[in-house]
Structure formats: C-alpha cells, structure tokens
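# Coordinate analysis (summary)
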Amino acid sequence: MTGKTVLSSRVEMSEVMTPNDANFLGKVFGGKVLALLDLVAYAASSRFAGTICVTASVDRVDFHEPIEVGELVSCVGVVSYVGRTSLEVTIEVSAENVLKGSRRHTNTARVTMVALNEAGKPIEVPRLICETRDEKIRFLEGRLRREIRGVQRVEFDRIASTFREAEESVLDELLSQEKLLP
Ligand SMILES: CC(C)(COP(=O)(O)OP(=O)(O)OC[C@H]1O[C@@H](n2cnc3c(N)ncnc32)[C@H](O)[C@@H]1OP(=O)(O)O)[C@@H](O)C(=O)NCCC(=O)NCCS
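Bear in mind the structure is a predicted one, so any value in this text is a computation, not a measurement.

Calculation rules
- Residues numbered from 1 in each chain as written.
- Predicted model: local features only at pLDDT ≥ 70, side-chain atom pairs only at ≥ 80, totals over all residues.
- Near = placed C-beta within 6 Å.
- Helix = DSSP H or I, 4+ residues; strand = E, 2+ residues; numbered from the N terminus.
- Nonpolar A, V, L, I, M, F, W, Y, C, P; charged D, E, K, R; others polar.
- Pairing = 2+ DSSP bridges.
- Axes fitted to C-alpha atoms, helices over the stretch in contact; angles between N-to-C directions.
- Contact = placed C-beta atoms within 7 Å.

## Structural notes on the site of the ligand
Around the ligand, the neighbouring residues are Val54, Thr55, Ala56, Ser57, Gly83, Arg84, Thr85, Ser86, Thr112, Val114 and Pro122. Those elements that provide at least two residues to the shell around the ligand are β3 (53-58) and β6 (102-115). With four residues, the single largest contributor to the shell around the ligand is β3. A breakdown of the residues in the shell around the ligand according to their chemical character gives four nonpolar, six polar and one charged.

## As for the sheet that holds strand β5 (residues 86-97)
Judged by pairing direction, the sheet is antiparallel, and its five strands sit side by side in the order β2-β4-β5-β6-β3 without closing on themselves. In this open sheet, the two strands that pair with only one neighbour each are β2 (11-16) and β3. Averaged over all neighbouring strand pairs, the angle between strand axes comes to 30°, with direction disregarded. Taken together, the five bridges between β3 and β6 define a ladder with antiparallel strand orientation. Pairing of valine 58 across the sheet is with valine 111, part of β6. Each of β2, β3, β4 (72-82), β5 and β6 touches helix α1 (residues 30-49); the most contacted strand, β4, lies at about 45° to it. Of the strands in this sheet, β4 and β5 are in contact with helix α2 (residues 133-165), which crosses β4 at around 75°.

See the structure below:
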C-alpha cells in the first residue's frame, strides 16, 4: 500500500451561522458544530483513502465558549493518524466575527473514520507520510489515544461489571462515596 501526505487530505469548510442554527439561548447548537465536524471528517478521510469512509467514533469534544449567530465557522481537517482500515481526522474549529474581523479558536476535535470497500467491508488505507515535526507528533498522539482508549475500555468494563454483581447494600455504600477510583 503506497503512502499519502497529511497535506493531501486537508479539507477546509466554512459556513455562516444562521438563526436556524440557534438554540433556545440564541447561541449555536452543539449539534450544528458536530454535524460540520462529521462532514469535514468524511471529506478528509474519503479523499485520503480514495473510498467512502464512515464515522466510527468521535473523541471528546469540549465547547469552551458559545458561537454566535452571524459568525463564520471554519473547520480545517487533516488525517492525523492511520491504522489498518481506520483513520483519525483532527479538526480545528474557529469562529470569526465578520464585522469586527476577530477570529477565535473554539475547538479541536478528533473523529475516527473507517474506510469501506464496495461491499461495505473495512478496507486497508494508504499509510500516512508525516513530513513535519508536528505531523509526526500528531501521529504518535493518535496512536497513543487509540492505545489508551483500549486500556480505558477494559478497565471500565472490569469495574462496571462489579456493580452488576454487587448486593444493593454495596451499591448504597458506593453511592455514598465521593470517588470510585483509589
Ligand atoms: C465502523 C464499522 C465499519 C466498523 O466495522 P467492524 O466490523 O467493527 O470493523 P473491524 O472490527 O474490522 O474494525 C475496523 C477498524 O475500525 C476500528 N473501529 C471499529 N469500531 C471503532 C470505534 N467504535 N471507534 C474507533 N475505531 C473503531 C477498528 O479498530 C479497526 O481499525 P484498524 O483496521 O485501523 O485496526 C462498523 O461498526 C459500522 O459500519 N458502523 C456504523 C458506521 C456509521 O454508520 N456511522 C455513521 C453513524 S450515524
């Protein structure tokens, strides 16, 4: 399988937020931003893989400050890590007040996509050629995130399974504790 550069996957998408995108407080819905992230992840991963990619999971997305109606939201996505058939797309989101010309970074999101063949089965993706120091670091971070997700899942299942087997008095005791981890 040949390789492709990070740059070859780069996708930029911008959209002005309209009143249709607002929640009951008049700020932009979180779901609107998630939909934009999903589209950018689709375009960057499918461009890179040369085949349709579907969303497997979205890493934690934090919303630190609201986005206003009228602002121009821009998402820049690149493939940051590849496994065998899966790809991680890192997306930087910014919001621009077009009247003031001020622009702020609002989120960094990571979406894992899986490349599918015509039969809808996962298919191998090109290897990722990391040219710059930042690209190499991002790739290693993606691999680390994947390994940590695996460890976290096993540990969560191990502890959560004890809840299901516990007597109700034990559950009540656990409820009275501030923390579950030592
Ligand atoms: C994503 C999907 C194709 C994976 O299929 P699968 O049969 O579980 O595939 P596999 O077990 O062979 O895994 C394929 C790759 O996906 C990765 N993967 C599977 N589920 C994943 C998840 N939830 N999060 C991250 N990666 C995942 C695997 O680690 C593997 O990666 P690798 O090849 O780089 O090592 C399948 O679960 C699916 O079709 N999901 C629905 C996708 C969709 O409709 N998305 C839109 C939601 S509205």
